[in-house]
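Architecture and fold: a report
Each chain, letter by letter, is given below.
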Amino acid sequence: QRSKHEVSLGVLRCDRLLSAARTKRWWMGPSFGSGAADVPGETQFLLCEVGSAYALLMPLVEGGFRCTLSGSGSGLKLLSESGDARVRTSEVSNALYVGVGDDPFTLVAESMAAVAERLG
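Everything numeric here is computed off the predicted structure, so don't read it as measured data.

Calculation rules
Along every chain, residues carry numbers that run from 1 in the direction the sequence is written. Owing to the predicted nature of the model, reporting of local features is limited to residues with pLDDT of at least 70; listing and counting of side-chain atom pairs is limited to 80 or more, with chain, interface and lining totals taken over all residues. As a rule here, side-chain values cover all heavy atoms of the structure and leave hydrogens and water aside. The numbering of helices and of strands both runs from the N terminus, where a helix is a DSSP run of H or I of at least 4 residues and a strand a run of E of at least 2. Every helix has an expected span of 1.5 Å times one less than the residues it contains. By the convention used here, residues are in contact when the closest approach between their heavy atoms is within 4.5 Å. Between N or O atoms, a polar contact is any pair within 3.5 Å; within protein, one atom must be a potential hydrogen donor and the other a potential acceptor, and residues adjacent in sequence are included only when both atoms are from side chains.

Before going further, it helps to examine helix α1 (residues 104-119). The end-to-end C-alpha separation of α1 is 22 Å, in line with the 22 Å expected for 16 residues at 1.5 Å each. At its buried positions, α1 is contacted by β4 (43-50), β5 (53-59) and β9 (96-101). Near the N-terminus of α1, the side chain that reaches the backbone nitrogen of F105, with its oxygen 2.8 Å away, is that of D103. Downstream of α1 by one or two residues, G120 has phi in the positive range, about 80°.

Put into structure tokens, the structure is as follows:
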């Protein structure tokens, strides 16, 4: 059991991306690019354009753990952490939501509704 878990999600290939990452304790800012190297640490929302389709990756919060994304070279990583060395687990079952669609606006709206329903 650990208070911090890091998982490689593999290589990120997309035409364009938009991410929203934590820039200060209470603020997020956008980042734009075309690969994993353009995804900053503490990313809490990632929208990728792949041909004529879109993929949305949204790290989730479960119990005492929050998840974020970050890019490293050509790879994408998911980090799950409690922020407290005493709060530990061996697994996080609701770590990342992934949605796919052909309209980014509909995809975001439907994904937010699905996450709200899933997490209660």
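Looking at the element boundaries, N94 is found in the loop between β8 (75-81) and β9. A distance of 2.9 Å separates a polar atom in the side chain of N94 from a polar atom in the side chain of R118. Every residue in contact with N94, bar those within four places of it in the chain, is listed here: L60, E62, R118 and L119.

Honestly, that's just the spatial picture; any functional story needs more than this.
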